[in-house]
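Each chain, letter by letter, is given below.
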Amino acid sequence: MAFRKLQATHLFTGSEMRGNDAVLVIDETGVIKDLVSLADAGDNVESYKGILSPGFINCHCHLELSHMKSLIPEQTGLVDFVFHVITQRHFPDAEILEHITRAEDEMLQNGIVAVGDICNNTLTIPQKQLQRLAYYNFIEVSGWLPALAEQRFQRSFGYYQEFKNLNACNPRSLSPHAPYSVSEELWHLLQPHFNNKTITIHNQETAFEDELFEKGSGGFSRMYEIMQLDTSFFKPTGKTSLQSYYSQLSNARQVLLVHNTFTKEPDLLFAKSQAIANRQTLFHCLCINANRYIENSIPPVQLLRDCDCTIVVGTDSLASNHSLNILAELQSITKYFPQVPLNELLRWATLNGAKALQMEDELGSFAKGKRPGVVLLEGSDGKIDEATTVRRIL
């Protein structure tokens, strides 16, 4: 069997940064065989200028919304953005499928090897059957009205069953959309299906979310009125959104909180204590470019670091972002939070992401036996900035 030997200015293993003395040995299928010193590597070493890294993990995406690129204006605010998605997402299937293919092509080109994908229908299945990327399919469930809980659950469970036929590299779970769109009755229907799964939820993406649960007011009240939903059943908890719903996730093996744009320190500490009590792993996903697109806000990255949160990275959808590019997310994080060390930033986008999607046995690091993909960050000179580009090596 033929082997390739890869060496670069820097080599990130998934957990630590190595120098140009490290050589990655892979077989012709991309399986990691060894990581050796340059002195022991022998002949035919491929040398690159830049940073070699495992392939990127996109922990939050809506591939099915790829046809909505540039359709919704920037900085509408989350309430109006959600309303636009609900009312404008319906296109002919053939057009949606074409954009799904293009979006997956883009992710492949940008060095992404696995995706945590939100699914509200089955339109992405034909593309995923090609097995070009690994997917964790989060079958999204929503339904704010208690009377519709059973109907909404059964519809999503039907999608869940259809995704069952994808290969083993595509695990799946039934996941709640957001605290403001899942009734108590629907939570009860979902909970028995959380065991051994990673469960994701959009968390505190707007300040209105906490206002709804604390006071029963704010922008979501306006959204319910626009959608002509009778919300007289809802009683505010007097607590923040996260502290109001997190107990519903106690059965999950892992929890992936997405956006966290308006999460405060007491909520982070509360969620961490709950996760410890539940013996589950908790991840916080950053989608900074989507936050800027929708509300011109940025997530509290330094606060997440100060609270020792396990951070991962996502792109959100092309309805809320200009690209599906993890490097672009890292560039934006670096722009606003230059204090984050490079090895930490890359760990969020590789090993942490693989763990969040329960794919760490195969992806996320250059450990022997894994097949994580290999990307090269060029023009970086040991850092990530606007001049950095990504090239897929394998």
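First things first, this report covers the structure right here in the doc. (Residues numbered from 1 in each chain as written. Predicted model: local features only at pLDDT ≥ 70, side-chain atom pairs only at ≥ 80, totals over all residues. Heavy atoms only, no water.)

### Focus on the packing of helix H10 (residues 288-295) against helix H12 (residues 326-336)
Two numbers describe a pair of packed helices, the interaxial angle and the distance between the axes. With their axes 8 Å apart at the nearest point, H10 and H12 run at an angle of 75° to one another. The angle between H10 and H12 falls in the class roughly perpendicular. Taken together, the residues of H12 that come into contact with H10 (itself represented by Ile288, Asn289 and Arg292) are Ala328, Glu329, Ser332, Ile333, Lys335 and Tyr336. For the contact of H10 with H12, the residue count by class is four nonpolar, two polar and three charged. (Axes fitted to C-alpha atoms, helices over the stretch in contact; angles between N-to-C directions. Helix = DSSP H or I, 4+ residues; strand = E, 2+ residues; numbered from the N terminus. Parallel < 35°, antiparallel > 145°, perpendicular 65-115°, else oblique. Contact = heavy atoms within 4.5 Å. Nonpolar A, V, L, I, M, F, W, Y, C, P; charged D, E, K, R; others polar.)

### Describing empty space enclosed by the protein
Empty space among the atoms can be located by rolling a probe the size of a water molecule over them. The final tally for this structure, using the stated rule, is one cavity of 30 Å³ or more. In this model, the largest cavity occupies a volume close to 30 Å³. Residue composition of the lining of the largest cavity, grouped by class: one nonpolar, three polar and two charged. (1 Å grid on protein atoms, 1.4 Å probe; cavity = no way out; pocket = protein on both sides within 12 Å on 5 of 7 lines; lining within 4 Å. Points joined across faces, edges and corners; volume = space filled by probe spheres on them.)

### Overview of the layout of surface pockets
In this structure, the largest pocket encloses a volume near 1,000 Å³. Considering the residues around the largest pocket, the lining is formed by 42 residues, among which Ile86, Arg89, Asn120, Glu140 and Ser142 are closest to the centre. Those elements that provide at least two residues to the lining of the largest pocket are helix H1 (78-88), helix H2 (93-109), strand E8 (134-141), helix H4 (149-162) and helix H7 (219-226). For the lining of the largest pocket, the leading source of residues is H1, giving five residues. The residue inventory of the lining of the largest pocket, partitioned by class, reads 20 nonpolar, 14 polar and eight charged.

### Points about the pattern of salt bridges
Taken as a whole and assessed by the stated rule, the structure comprises eleven salt bridges. Across the pair Asp34 and Lys368 runs a salt bridge, and its minimum N-O distance is 3.7 Å. Taken together, the positions of Asp34 in strand E4 (residues 32-37) and Lys368 in the loop between helix H14 (351-356) and strand E14 (374-378) put the pair 334 residues apart, joining distant regions of the chain. Since its relative accessible area comes to 27%, Asp34 is described here as partly exposed. (Salt bridge = Lys/Arg side-chain N within 4 Å of Asp/Glu carboxyl O. Buried < 20%, exposed > 50% of the residue type's maximum accessible area, 1.4 Å probe, protein only.)

### A few points about helix H9 (residues 265-278)
Given a rise of 1.5 Å per residue, 14 residues ought to cover 20 Å, and the 20 Å separating the end C-alpha atoms of H9 matches this to within 8%. Buried residues of H9: Asp267, Leu268, Ala271 and Ala275, and no others. Down the axis, H9 shows its buried residues gathered within 100° of arc, on one side only. Opposite the buried face of H9, by more than 90 degrees, sit the exposed residues Pro266, Ile276 and Ala277. (Expected span 1.5 Å × (residues − 1). Arc of directions from axis to C-beta.)

### Description of the sheet that holds E8
With respect to topology, four strands assemble into an open sheet ordered E6-E7-E8-E9, the strand pairing being parallel. Edge positions in the sheet fall to strand E6 (56-61) and strand E9 (172-176), since each of these pairs with one other strand and no more. Put simply, the sheet's adjacent strands are angled 20° from each other on average, direction ignored. Pairing of E6 with strand E7 (residues 112-119), which is carried by four bridges, proceeds in the parallel orientation. Bridging across to E7, Ile57 finds its partner in Ala114. (Pairing = 2+ DSSP bridges.)

### A closer look at the packing of aromatic side chains
Counting across every chain of the model gives nine aromatic pairs. Ring centres of Trp144 and Tyr224 lie 5.4 Å apart, and the angle between their planes is 10°; this geometry places the pair in the stacked category. Highlighted residues: Trp144 in the loop between E8 and H4 and Tyr224 in helix H7, separated in sequence by 80 residues. A ring pair is formed by Tyr180 and Phe220, whose centres lie 4.0 Å apart and whose planes are at 25°; its orientation type is stacked. On the criterion of sequence distance, the pair formed by Tyr180 in the loop between E9 and helix H5 (184-190) and Phe220 in helix H7 is long-range, its members being 40 residues apart. In this pair, the class of Tyr180 matches that of Phe220, namely buried. An aromatic cluster is present here, built from Trp144, Phe213, Tyr224, Phe233 and Phe234 joined pairwise through their rings. In this structure, Lys128 is placed above the aromatic ring of Tyr135, and the distance from its NZ or CZ to the ring centre is 4.8 Å. Sitting above the plane of the Tyr160 ring, Arg172 keeps its charged end 3.9 Å from the centroid. (Phe/Tyr/Trp six-rings, centres within 6.5 Å; stacked < 30°, edge-to-face > 60°. Lys NZ or Arg CZ within 6 Å of the ring centre and 35° of its normal.)

### Digging into H4
The first and last C-alpha atoms of H4 sit 20 Å apart over 14 residues, in line with the 20 Å expected at 1.5 Å per residue. Within H4, the full set of buried residues consists of Ala149, Phe153, Ser156, Tyr159 and Tyr160. Mapping the buried residues of H4 onto a view down its axis gives an arc of 120°, with all of them on the same face. In this fold, the buried residues of H4 make contact with E8, E9 and H5.

### Considering the pairing of strand E12 (residues 281-286)
For E12, the tally of buried residues reaches five of six residues, placing the bulk of the element in the interior. For strand E11 (residues 254-259) and E12, the ladder comprises five bridges, and the chain directions are parallel. The residue of E12 that forms the bridge with Val258 is Cys285. Of the crossover connections in this fold, the one passing from E11 over H9 to the parallel E12 is right-handed. In terms of strand pairing, E12 meets strand E13 (residues 310-313) through four bridges, oriented parallel. Looking at E13, one finds that Cys285 is bridged to Val312. (Right-handed = clockwise from strand over helix to strand, strands pointing away.)

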